[in-house]
Amino acid sequence: MTESRHGRPPSFASGSLEDPRLTSALRTLELTVRRRLDGVLHGDHLGLIPGPGSEPGDAREYQPGDDVRQMDWSVTARTTQPHVRQSVADRELETWLAIDLSASLDFGTAGCEKRDLVVAASAAIAHLTSGGGNRLGAVISTGDRVVRVPARGGRAHVQSLLKTVATTPHAADGTRGDLAGVVDSLRRPERRRGLAVVVSDFLGSTEWERPLRAIAARHDVLAVEVLDPRDLELPDVGDVVLHDPETGRTREFSVTPQLRADFARAADDHRRRVEKILRGCNAPRLTLRTDGDWIADVVRFVSRRRYGAAVGASTR
């Protein structure tokens, strides 16, 4: 139940771990997050994404992907180069996690299951937004059930929230996920401006676009994309039986070069579609993979947001 040197999170794959193993796993996760992220967060606390803030920060040159609403026109006029004004994040921030735990997340072919990364991402977001009277809440959906955790502050509440995420039962076979529904649930009741974090693999239908745009009109939005290599490409394994847990259908395929190429192309087209929607909502995307070092990916993301680089931009 300890993290590996390669950034593997503790396993929550069963969804039904019991104490003391669950407590030990969550404690390991907390220590990992604190050890790796505290060095990134020294100095003023800045938000994960550029929000309106309560205190003006420094101006910097505009980068592709920045919110044009943050343009600093006085500095732009003085320097003749476009600049944006960074903001120190509001104190007493309310953050809501919209967590997708549909059947497609109960899957993993590399170091862990995608469900494990969902718990790990939730822990990282909790640490990054905690303190100073901030509150954290969550809406968790498996497709056949929705669990709501009220927004509260404090370490005990965060541990309770993470335990709820980690022990959420698996969806029954053949149950479709409802990402659109869980995102839409963040709109009720109305809340003052805060941060909405959507954690999902974003596979399947993009019916969640409309409710996400509605959320983005009032709140800052962050998307955490959780992927496995098999979501993006098929292995060269010949004959294979594939089962879709969200439809309950099972089919046998011969994995040919043409099928692999078609699958990779369709996966790439879908990710481009997701990226376009998120960009239209001014929502940065943090991608975590079961074959990667998730905590290193979080550190890189936070560092880039802190110093103003756009997500995915090349290092100068």
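Residues numbered from 1 in each chain as written. Predicted model: local features only at pLDDT ≥ 70, side-chain atom pairs only at ≥ 80, totals over all residues. Heavy atoms only, no water.

1. Focus on the environment of A283
Here is step 1 of the chain: Its location among the elements puts A283 in the loop between α7 (257–280) and β10 (285–289).
Here is step 2 of the chain: Other than its neighbours up to four places away in sequence, A283 contacts V221 and L278. (Helix = DSSP H or I, 4+ residues; strand = E, 2+ residues; numbered from the N terminus. Contact = heavy atoms within 4.5 Å.)

2. Comments concerning the sheet that holds strand β5 (residues 146–152)
Here is step 1 of the chain: The strand order across the open sheet formed by 6 strands is β5-β4-β3-β6-β7-β10, and the pairing between neighbours is mixed. Edge positions in the sheet fall to β5 and β10, since each of these pairs with one other strand and no more. Strand-to-strand twist of the sheet, defined as the mean angle between neighbouring strand axes without regard to direction, takes the value 15 degrees.
Here is step 2 of the chain: Pairing of strand β3 (residues 94–100) with strand β6 (residues 195–200) involves 5 bridges; the strand directions are parallel. What sits directly across from A98, in β6, is V198. (Pairing = 2+ DSSP bridges. Axes fitted to C-alpha atoms, helices over the stretch in contact; angles between N-to-C directions.)

3. Some words on the packing of helix α6 (residues 209–216) against α7
Here is step 1 of the chain: Orientation of α6 relative to α7, taken along the N-to-C sense of each, is 25 degrees, at an axis distance of 9 Å. Relative to α7, the element α6 is oriented roughly parallel. Regarding α6 and α7, the two cross each other, and that crossing is right-handed. Taken together, the residues of α7 that come into contact with α6 (itself represented by E209, L212 and R213) are R273, I277, L278 and G280.
Here is step 2 of the chain: Looking at side-chain class alone, the contact of α6 with α7 contains 3 nonpolar, 1 polar and 3 charged residues. (Parallel < 35°, antiparallel > 145°, perpendicular 65-115°, else oblique. Left-handed = near helix turned anticlockwise from the far one by under 90°. Nonpolar A, V, L, I, M, F, W, Y, C, P; charged D, E, K, R; others polar.)

4. Quick notes on helix α3 (residues 114–129)
Here is step 1 of the chain: The end-to-end C-alpha distance of α3 is 22 Å, a good match for the 22 Å that 16 residues give at a rise of 1.5 Å each.
Here is step 2 of the chain: In terms of residue burial, α3 counts as a mostly covered element, since 16 of its 16 residues are buried.
Here is step 3 of the chain: Phi for G131, located one or two positions after α3, is positive at around 90 degrees. (Expected span 1.5 Å × (residues − 1). Buried < 20%, exposed > 50% of the residue type's maximum accessible area, 1.4 Å probe, protein only.)

5. Points about the pattern of salt bridges
Here is step 1 of the chain: Counted under the stated rule, the structure contains 19 salt bridges.
Here is step 2 of the chain: Salt-bridge contacts for R187 lead to D184; the nearest nitrogen and oxygen are separated by 3.0 Å.
Here is step 3 of the chain: R187 gets classed as partly exposed once you look at its relative accessible area, which sits at 38%.
Here is step 4 of the chain: Judged by its relative accessible area of 21%, D184 is partly exposed. (Salt bridge = Lys/Arg side-chain N within 4 Å of Asp/Glu carboxyl O.)

6. A closer look at helix α1 (residues 21–37)
Along an α-helix, residues three or four apart share an orientation, since each turn contains 3.6 residues.
Here is step 1 of the chain: Look at α1: 24 Å from first C-alpha to last across 17 residues, which is about the 24 Å you get at 1.5 Å a residue.
Here is step 2 of the chain: Of the surrounding secondary structure, the elements contacted by the buried residues of α1 are α3, α4 (155–166) and α8 (294–306).

7. Some details on unusual backbone geometry
Here is step 1 of the chain: Phi is positive for T80, which is not a glycine, with a value near 65 degrees.
Here is step 2 of the chain: Within the secondary structure, T80 sits in the loop between α2 (73–79) and β2 (83–88).
Here is step 3 of the chain: The phi torsion at F202 lies on the positive side, around 55 degrees, for a residue other than glycine.
Here is step 4 of the chain: Structurally, the position occupied by F202 is in the loop between β6 and α6.

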